[in-house]
Amino acid sequence: MTSKTPISVWFFTGVLVFFYGIVILGYGLSTLGSPPPARALSELHPDIWWGGVMLVVGAIYSIKFYPGARK
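A quick note: this is a predicted structure, and the numbers were derived from the prediction, not measured. (Residues numbered from 1 in each chain as written. Predicted model: local features only at pLDDT ≥ 70, side-chain atom pairs only at ≥ 80, totals over all residues. Heavy atoms only, no water.)

Asker: Just to check I follow, could you spell out the environment of Tyr-27 for this structure?
Answerer: Tracing the backbone through its elements, the reader meets Tyr-27 in helix H1 (residues 9-30). Considered as a pair, Tyr-27 and Gly-51 are 24 residues apart in the sequence and their alpha carbons are 8.9 Å apart. (Helix = DSSP H or I, 4+ residues; strand = E, 2+ residues; numbered from the N terminus.)

Asker: Whenever I open this one, helix H2 (residues 46-64) confuses me. Can you help?
Answerer: For an α-helix, the turn length of 3.6 residues means that residues three or four places apart are oriented alike. Over its 19 residues, H2 extends 27 Å from the first C-alpha to the last, a length consistent with the 27 Å expected when each residue adds 1.5 Å. All of the buried residues in H2 are Asp-47, Gly-51, Gly-58 and Ser-62. Taken around the axis of H2, the buried residues stretch over an arc of 35°, which confines them to a single face. Of the residues in H2, the exposed ones pointing more than 90 degrees away from the buried face are Trp-49, Ile-63 and Lys-64. (Expected span 1.5 Å × (residues − 1). Buried < 20%, exposed > 50% of the residue type's maximum accessible area, 1.4 Å probe, protein only. Arc of directions from axis to C-beta.)

Asker: Could you clarify how one ought to interpret the packing of aromatic side chains in this entry?
Answerer: Geometry of an aromatic ring pair is reported as the spacing of the ring centres plus the angle between the planes. Counted according to the given criterion, the structure contains five aromatic pairs. Pairing Phe-18 with Phe-19 gives two aromatic rings, centres 5.8 Å apart and planes at 70°, and the pair type is edge-to-face. Look at Phe-18 and you get partly exposed, because its relative accessible area is 27%. What makes Phe-19 partly exposed here is its relative accessible area of 47%. (Phe/Tyr/Trp six-rings, centres within 6.5 Å; stacked < 30°, edge-to-face > 60°.)

Asker: Any chance you could explain unusual backbone geometry here in plain terms?
Answerer: Outside of glycine, negative phi angles account for most residues, and trans bonds account for most peptide bonds. Notably, Leu-41 is not glycine yet its phi reads approximately 60°, a positive angle. Within the secondary structure, Leu-41 is located in the loop between H1 and H2. For His-45, which is not a glycine, the phi torsion comes out positive at approximately 55°.

Structural data, given as structure tokens:
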């Protein structure tokens, strides 16, 4: 009989945030060459910044709560 440890919900959260970061960062990079729409502070490209932040945070959570990782 084997003992199964449950998989942490934070691992799945990290994977989801990581993939959302990829999508948002990819969209931001694809629209980088076009003129920004008339919104406040659009010249700062918040989609690139938040996509990068989500990518890093998702990677940290996925690595930290990876199933089978030692504590």
